[in-house]
Amino acid sequence: MSTATYELLAADQQILHLLAAFIGGLVVAGALIWAVSVGMKVMDQEERRPRPEEQPRLPESGAVHEMREMREPDEMPTAPRDGERLMPYQLHHSSTRTGKDQQRKRWLPGSSGAFGSGGPGHV
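Residues numbered from 1 in each chain as written. Predicted model: local features only at pLDDT ≥ 70, side-chain atom pairs only at ≥ 80, totals over all residues. Heavy atoms only, no water.

> Please give an account of the UniProt feature "transmembrane region" (unreviewed entry) in the chain that cites residues and values.
Per the UniProt annotation, the sites labelled "transmembrane region" (unreviewed entry) are residues 15-39. Helix and strand shares over residues 15-39 are 100% and 0% respectively, and the end C-alpha atoms of the span are 36 Å apart. (UniProt positions renumbered as here; feature names shortened; annotations may be inferred. Helix = DSSP H or I, 4+ residues; strand = E, 2+ residues; numbered from the N terminus.)

Encoded structure:
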């Protein structure tokens, strides 16, 4: 085989690779167009968005403010010894309850320190 034959074979493979890349690009572009059209059809089937006058408003009393309280653990009730099991209505809905002492614990200079903080610890 001569050099001209190798050049023709190489050119044929390049054209095949170029054609395969072009067809692959067409497939990807077609898939994207299809995905957009399906998305538009789904959006058309959804409920309409609320108008500005249908949006939620603040209550007459104004914005709701956060409530700050001290919580303490609410222990799980123990089952009686006679083997009767606890029912769901006997359990509490939360693992904490409002604490009896609602005074916030304050930091006192010289009374605090943690491991690795460099402080003297509890004095």
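Next comes the rest of the write-up.
> Any chance you could break down a nonpolar patch on the surface for me, citing the residues and the numbers?
Together, L19, F22, I23, L26 and V27 give the surface a local cluster of nonpolar side chains, amounting to about 510 Å² of exposed area. Note on placement: V27 falls in helix α1 (residues 3-45). By relative accessible area, which is 55% here, V27 ends up exposed. (Patch = residues over 30% accessible without salt bridge, like charges linked within 9 Å, V, L, I, M, F, W, Y side chains within 5 Å. Areas by Shrake-Rupley, 256 points an atom, 1.4 Å probe, with all protein chains shown as cover. Salt bridge = Lys/Arg side-chain N within 4 Å of Asp/Glu carboxyl O. Buried < 20%, exposed > 50% of the residue type's maximum accessible area, 1.4 Å probe, protein only.)

> I'd like a description of the pattern of salt bridges, backed by residues and values.
Applying the stated rule across the entire model yields 7 salt bridges. A salt bridge links R48 to E54; the shortest N-O distance between them is 3.0 Å. On the basis of relative accessibility, which here comes to 53%, the residue R48 falls in the exposed class. For E54, a relative accessible area of 37% corresponds to the partly exposed category. The salt bridge partner of E69 is R71, with a shortest N-O separation of 2.8 Å. With relative accessibility at 40%, the residue R71 sits in the partly exposed group.

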